[in-house]
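# Summary of the model geometry
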There are 6 protein chains.
Amino acid sequence: MRPSERSCDALRRVSLTRHYTRHAEGSVLVEFGDTKVICTASVEENVPPFLKGKGQGWVTAEYGMLPRSTGSRMRREAASGKQSGRTQEIQRLIGRSLRAVVDLQKLGERQIVVDCDVIQADGGTRTASITGAFVALSDAIAGLIAAGKLAESPIREAVAAVSVGIYEGQPVLDLDYPEDSACETDMNVVMTASGRFVEVQGTAEGVPFSREELNALLALAEKGVRELIGLQSEALSK
Amino acid sequence: MRPSERSCDALRRVSLTRHYTRHAEGSVLVEFGDTKVICTASVEENVPPFLKGKGQGWVTAEYGMLPRSTGSRMRREAASGKQSGRTQEIQRLIGRSLRAVVDLQKLGERQIVVDCDVIQADGGTRTASITGAFVALSDAIAGLIAAGKLAESPIREAVAAVSVGIYEGQPVLDLDYPEDSACETDMNVVMTASGRFVEVQGTAEGVPFSREELNALLALAEKGVRELIGLQSEALSK
Amino acid sequence: MRPSERSCDALRRVSLTRHYTRHAEGSVLVEFGDTKVICTASVEENVPPFLKGKGQGWVTAEYGMLPRSTGSRMRREAASGKQSGRTQEIQRLIGRSLRAVVDLQKLGERQIVVDCDVIQADGGTRTASITGAFVALSDAIAGLIAAGKLAESPIREAVAAVSVGIYEGQPVLDLDYPEDSACETDMNVVMTASGRFVEVQGTAEGVPFSREELNALLALAEKGVRELIGLQSEALSK
Amino acid sequence: MRPSERSCDALRRVSLTRHYTRHAEGSVLVEFGDTKVICTASVEENVPPFLKGKGQGWVTAEYGMLPRSTGSRMRREAASGKQSGRTQEIQRLIGRSLRAVVDLQKLGERQIVVDCDVIQADGGTRTASITGAFVALSDAIAGLIAAGKLAESPIREAVAAVSVGIYEGQPVLDLDYPEDSACETDMNVVMTASGRFVEVQGTAEGVPFSREELNALLALAEKGVRELIGLQSEALSK
Amino acid sequence: MRPSERSCDALRRVSLTRHYTRHAEGSVLVEFGDTKVICTASVEENVPPFLKGKGQGWVTAEYGMLPRSTGSRMRREAASGKQSGRTQEIQRLIGRSLRAVVDLQKLGERQIVVDCDVIQADGGTRTASITGAFVALSDAIAGLIAAGKLAESPIREAVAAVSVGIYEGQPVLDLDYPEDSACETDMNVVMTASGRFVEVQGTAEGVPFSREELNALLALAEKGVRELIGLQSEALSK
Amino acid sequence: MRPSERSCDALRRVSLTRHYTRHAEGSVLVEFGDTKVICTASVEENVPPFLKGKGQGWVTAEYGMLPRSTGSRMRREAASGKQSGRTQEIQRLIGRSLRAVVDLQKLGERQIVVDCDVIQADGGTRTASITGAFVALSDAIAGLIAAGKLAESPIREAVAAVSVGIYEGQPVLDLDYPEDSACETDMNVVMTASGRFVEVQGTAEGVPFSREELNALLALAEKGVRELIGLQSEALSK
């Protein structure tokens, strides 16, 4: 029995609120149960130095957590003067996931920066971030098309992410914090609408996992991402 | 005529939403029109080193802005590796304002850290932060009393803050961003329920201001803070 | 009775020594009693990036304290790797105060950097800095005129600053360290020769202050700044 | 055809030189072809603060590259003042991989720090590091047993790592730099002697990968790690 | 002919003003011609962590330059966030030079920190710093003896420093800035009253120097330091 | 009797292995007994900003130690976020030593960066670094000549370095760690093939040293450097 009483293959209640804040070209509040992340996409009409003059664009991401988004207050990274290794790992993952579904040539020499800021954490902040970030990115790109700056969308297909893990010996979908902190194996899976993998990151927290467990987790993740991509599509069609 | 069509002595629509996020001992979303700040109060059962063993508590504050809370994206302070001078000024101001109404002896050897994170900015983020922070602090202290950790409240009286300024030659209350960026003089006033000043910070952005203008601004501020303290009281009584 | 036996409305002995060091375009040792600050003005024939090509100049300030300018040794900011929030607040205040009396268009595309370094502290280092910095700035600008680089002075009028506060229930002018560390309310006032305010920063250290107290403090400050501007004028005429 | 003319399922020549430097409790030069990494294990008779008094030990890792270990010189991280996100990701991965096979209770209140420093890079530095680090760790622990500080080994089983990827449409084992920089999908797999997974990290560099490709890559990785664990065992038995 | 018209073996006018600032236990303004350095010695009743409980004291130094102590303004190290390599080299040299003449056992478990801050630079700031620092240190130690905290002085003998160099083919004593920036070889020599060397640091700026030149420079330096030690002694006897 | 049983004027076994790693234009493993340093020379076709357009080149150096190159593990400088004063001193010394024998005009507008990374330390890492760095630099320059980018060598003559010191009252050559940590006086001497000095850095660790001792040390150093330059020449002729 999961602490939340969900069945093993059930996502938490997921919600994607577009136009959540006013200034950004794309702004989405994504909720995976009690995990809440504000994802904003900002369009900048320039590219990082390593891409100057190469005729292509860039998509990147930054990630942060409000100090009291968690059960006990974390030190503010701006005050401690650096981003933790965990923060850097997550923002690199979000950026790679988004770039995997964008044709950077078609984007033209501009950059889209997606900021994912966790205002309340209950496990799965990185997968919620990727899922919400794709919607914010889609809105920013729709704006570029509407403004005549892009002729067609550089987005190839949708991308979303979910966590799976082995909790009390059982493979489960979309871990919340009580599950995440107690699970033996934790895997984050980033997939596209066509069912292909962008990232698979499985980690044994305690006992290493077998090939059979890996297969079971991948099957659960496929189901979860398929549902999330349906919810993204629904949100974007409103 | 003000850009927002408000009268010169009118606040923006103000809202104070308590219990906005789940983990913090006090958590308030404060809105001054389109300015939105999440204020959380975290109780920690220890004090900073300089107060160890002195039998008193401490109240401090940290301030941040989401990178795209503003019209164009700002660099993330955690990524640039330091807090700007402006950020430090504001968080020091919030901390001093709260300490001015708290009896630190009565608080006991514990610390309350108030985080004010701006998720959408439209002028007046520091005054909204102080106004919301007081409500979050009140909730955190009520929790300590309910848990039997404090016998009586160390809060002496309410505190709130508002900005006033001279916009197109006219003293106006509670400046929004279009006014703030165009005004000649900008003043932030922090006052208590008993009508006394905690902080008065007036700055001539362009032409220095006269004693008469200063008096007119103070009168407007007194009116504004009185209304804000009424709204705090109403929110806390729900 | 004040610790220094001064009357409530008396400044400390103030001295302004021009040409104090050899290299800078303006170099002034300012003394407010035992508070001693070296103010140097450096002319640079370029502007910060945000002003490139805008046809205007810039005036900015930096502030520091020698580690043993104070009663007990402070950590050297260069060694700790960052400037404190207090340092940043003060240097921003000095910069704004000077810019308030300079026509930046008339200055042309050049920058004047004023460094205020406290070699001995006894309260009021920021007001002494502003008062001395104006004299150093005036000398640097006189040099530009003498060199034919400026046709007329971009300085509109003089500016000076003084602290006032409520010490043992009494409003007093120009607080020294024993008063500053014990006072209930502390206010720094920056004013121009024409009697207008550039900055008013009042802070209740203990009990918040009333409107009457604020008025009394402003009156004292007006008297003090008037005298300081007289001393600046005298020093510059030598 | 692979650039190195290896068959698809062939490792590069692997060598593990124990006692490579003199001071460390374990010191191994690991070579995967032209990739050369010095792995040293240092025993410290204390634990990080978060483990003080908990009766268990800790194993952690740090990773670095000499500035000219690569084709063009990289900036020295000590000079730039921070470790890159990539460096932090890798050293966290090495640490987790080693901890997965160590019984931290049995290790006692001491810490083993493994430093992996790349002196020449040709792809696969993180997998070579993990493979070499396990040997260095084993030597350090053997030393503790020989010195009578540990009664039995806290190591549960061997761990090693290898990269696999899809290069020109073909799954291949143990990518060198020319393959790594051109491959579509790159996966690092950390496995134990008993054939269980500690980490699986697959990333689509270009086109996302299918479930079939993932399965093929995992099969190759299993073969590679089995061989590497054989080589570790052989090196440790000398 | 030297730019200053001094003879080859002449020091600049040297002055040592004790009790220069009010707070420090020792405070000296040292002038070597136009080079002016404030040296303060601060007594702290504790030692750095690596000496805790070892029954001995410590003497250390920090060095800084005011941004406009030089011909063109240098970046403030506190603002750039780190001390340059040159600054660190100099402060390490000053500390070593002072420790060479102090019996750290006799000093007891306390630390004396000497701050050398250059307010005007004209070559030779490090040698002036060492020469002035010794006088400030002597005053601080005299204060400890006067206060009954030390029974006898831990100072073994005096120490002073001077620069020598080869300028236009000629060995010269006590280089000023025009000589320093044009000389071929520059040597800083730290010596004691008994004529022994504490530090000899010779650097060829252009053409390497011969053994004969080295000997000539050492002879000049011995003469200079002997005179400086006479001036220290005279200043301390006042 | 020296701990190593060497005679007072004997170097340790010195070896210079060229082409030690694959990527750098010059790559040398230098060994002075158990001290082992990898020296790589990297050619970059640009110069630092302060030399842009001046028609000359630059040679600079960086220095580092692997964390466990020493008897007990040192903190990794990349992790602590800054290079120590000692590191900066050493890398500045290496750079100056190399520049002293290179005609920077003849080098053309390019930079050679020499990295000296200590993989095992047993005293004398800075002198070994300089000695090995010269060989790496020579190889890099030979490569530029072979590639037709330079017509003739900008190297004027060879340079090498050795330490000397007074150990148990006796002047000795090429100190190893047991001698270095116990010696009274330590001197590093950098000399050229023509027998001229580039740097002489003598430091009294305990008792200051006399002129006679200085002379004896210089004589020993001359002998040592002459032998090292022979070994460099031999290595480069292979």
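Residues numbered from 1 in each chain as written. Chains lettered and ligands numbered in written order. Predicted model: local features only at pLDDT ≥ 70, side-chain atom pairs only at ≥ 80, totals over all residues. Heavy atoms only, no water.

Moving on, we get to the packing of aromatic side chains. Residues and elements named next belong to chain E. Within this structure, the stated rule accounts for 12 aromatic pairs over all chains. Measuring from centroid to centroid gives 5.2 Å for Phe50 and Trp58, while their planes differ by 90°, and the two rings are edge-to-face. Residue class for Trp58 comes out buried when judged on its relative accessible area of 18%. (Phe/Tyr/Trp six-rings, centres within 6.5 Å; stacked < 30°, edge-to-face > 60°. Buried < 20%, exposed > 50% of the residue type's maximum accessible area, 1.4 Å probe, protein only.)

Residue and element names in this part refer to chain F. Between its terminal C-alpha atoms helix 4 (residues 125-146) stretches 31 Å, which fits the 32 Å expected from 22 residues at 1.5 Å a residue. Burial analysis of helix 4 places 17 of its 22 residues in the buried class, the great majority of the element. Just downstream of helix 4 lies Gly148, where phi reads positive at about 75°. (Helix = DSSP H or I, 4+ residues; strand = E, 2+ residues; numbered from the N terminus. Expected span 1.5 Å × (residues − 1).)

Turning our attention to unusual backbone geometry. Here Glu5(C), not a glycine, exhibits a phi torsion of approximately 65°, which is positive. Inspection of the secondary structure assignment puts Glu5(C) in the segment before strand 1 (14-18). For Glu5(C), a relative accessible area of 63% corresponds to the exposed category. A positive phi angle, near 60°, is found at Asp174(D), a position not held by glycine. In this fold, Asp174(D) is placed in the loop between strand 7 (170-173) and helix 5 (177-180). When its relative accessible area of 0% is taken as the criterion, Asp174(D) is described as buried.

Here the focus is the UniProt feature "binding site: phosphate" (unreviewed entry) in chain A. All names here are of chain A. Mapped onto the present numbering, the UniProt feature "binding site: phosphate" (unreviewed entry) falls at Arg86, Gly124, Thr125 and Arg126. Taken along the chain, the residues just named run across 41 residues; in space they keep tight, none of their C-alpha pairs more than 13.3 Å apart. As for the annotated residues named above, the ones lining the largest cavity are Arg126. Locating Arg86 in the fold gives a position in helix 2 (residues 85-99). Among the secondary structure elements, Gly124 is positioned in the loop between strand 5 (111-120) and helix 4 (125-146). Residues in contact with Gly124, not counting those within four places in the same chain, are Arg12, Thr35 and Leu175. (UniProt positions renumbered as here; feature names shortened; annotations may be inferred. 1 Å grid on protein atoms, 1.4 Å probe; cavity = no way out; pocket = protein on both sides within 12 Å on 5 of 7 lines; lining within 4 Å. Contact = heavy atoms within 4.5 Å.)

What follows is about the sheet that holds strand 1 (residues 14-18) of chain E. All names here are of chain E. Strand order in the open sheet made by the 5 strands is 1-2-3-5-4, with mixed pairing throughout. The open sheet terminates on both sides in strands that have one partner only, identified here as strand 1 and strand 4 (58-65). For this sheet, the mean angle separating the axes of adjacent strands, direction not counted, is 20°. Looking at chain direction, strand 1 and strand 2 (residues 26-32) are connected through 5 bridges and run antiparallel. (Pairing = 2+ DSSP bridges. Axes fitted to C-alpha atoms, helices over the stretch in contact; angles between N-to-C directions.)

So, about the relation of the copies chain B and chain A. Each copy of the sequence occupies a distinct position, and chain B is placed on chain A by a rotation of 180° and an axial shift of 0.0 Å, giving an RMSD of 0.0 Å. Look at the turn and shift together and you get a two-fold axis relating the two. Of the interface residues in chain B, 100% have counterparts in chain A that sit at the interface too, so the contact is made through matching surfaces. (Least-squares fit on C-alpha atoms with pLDDT ≥ 70 in both.)

On to the environment of Gln105(A), then. Among the secondary structure elements, Gln105(A) is positioned in helix 3 (residues 104-107). Setting aside its immediate chain neighbours within four residues, Gln105(A) contacts Gly55(A) and Gln56(A).

What follows is about the pattern of salt bridges. According to the stated counting rule, one finds 149 salt bridges over all chains in the structure shown. The closest approach of N and O atoms between Asp139(D) and Arg18(D), which form a salt bridge, is 2.8 Å. A residue pair is termed long-range when its members are at least 10 positions apart, and Asp139(D) in helix 4 (residues 125-146) and Arg18(D) in strand 1 (residues 14-18) qualify at 121 residues. Salt bridges sharing partners connect three or more residues here, namely Arg2(A), Arg6(A), Arg12(A), Asp34(A), Asp122(A), Asp174(A), Asp176(A), Glu179(A) and Arg22(B). (Salt bridge = Lys/Arg side-chain N within 4 Å of Asp/Glu carboxyl O.)

In this section: the UniProt feature "domain: Exoribonuclease phosphorolytic" (unreviewed entry) in chain A. Residues and elements named next belong to chain A. The sites that UniProt annotates as "domain: Exoribonuclease phosphorolytic" (unreviewed entry) are residues 11-140 and 159-224. Note that residues 11-140 is 30% helix and 31% strand, and that its end C-alpha atoms are spaced 27 Å apart. Annotated as residues 159-224, this span is 27% helix and 44% strand, and its ends, taken at the C-alpha atoms, are 12 Å apart.

Strand order in this open sheet of 8 strands is 7(E)-6(E)-8(E)-9(E)-9(F)-8(F)-6(F)-7(F), and the pairing throughout is antiparallel. Of all strands in the sheet, those with a lone pairing partner are strand 7 (170-173) of chain E together with strand 7 (170-173) of chain F, marking the two edges. When strand polarity is set aside, the average angle formed by the axes of neighbouring strands in this sheet is 15°. The pairing of strand 6 (residues 159-167) of chain E with strand 8 (residues 185-192) of chain E spans 8 bridges and is antiparallel. Pairing of Ile166(E) across the sheet is with Thr185(E), part of strand 8 of chain E. Of the strands in this sheet, strand 9 (197-204) of chain E together with strand 6 (159-167), strand 8 (185-192) and strand 9 (197-204) of chain F are in contact with helix 2 (residues 85-99) of chain F, which crosses strand 9 of chain F at around 150°.

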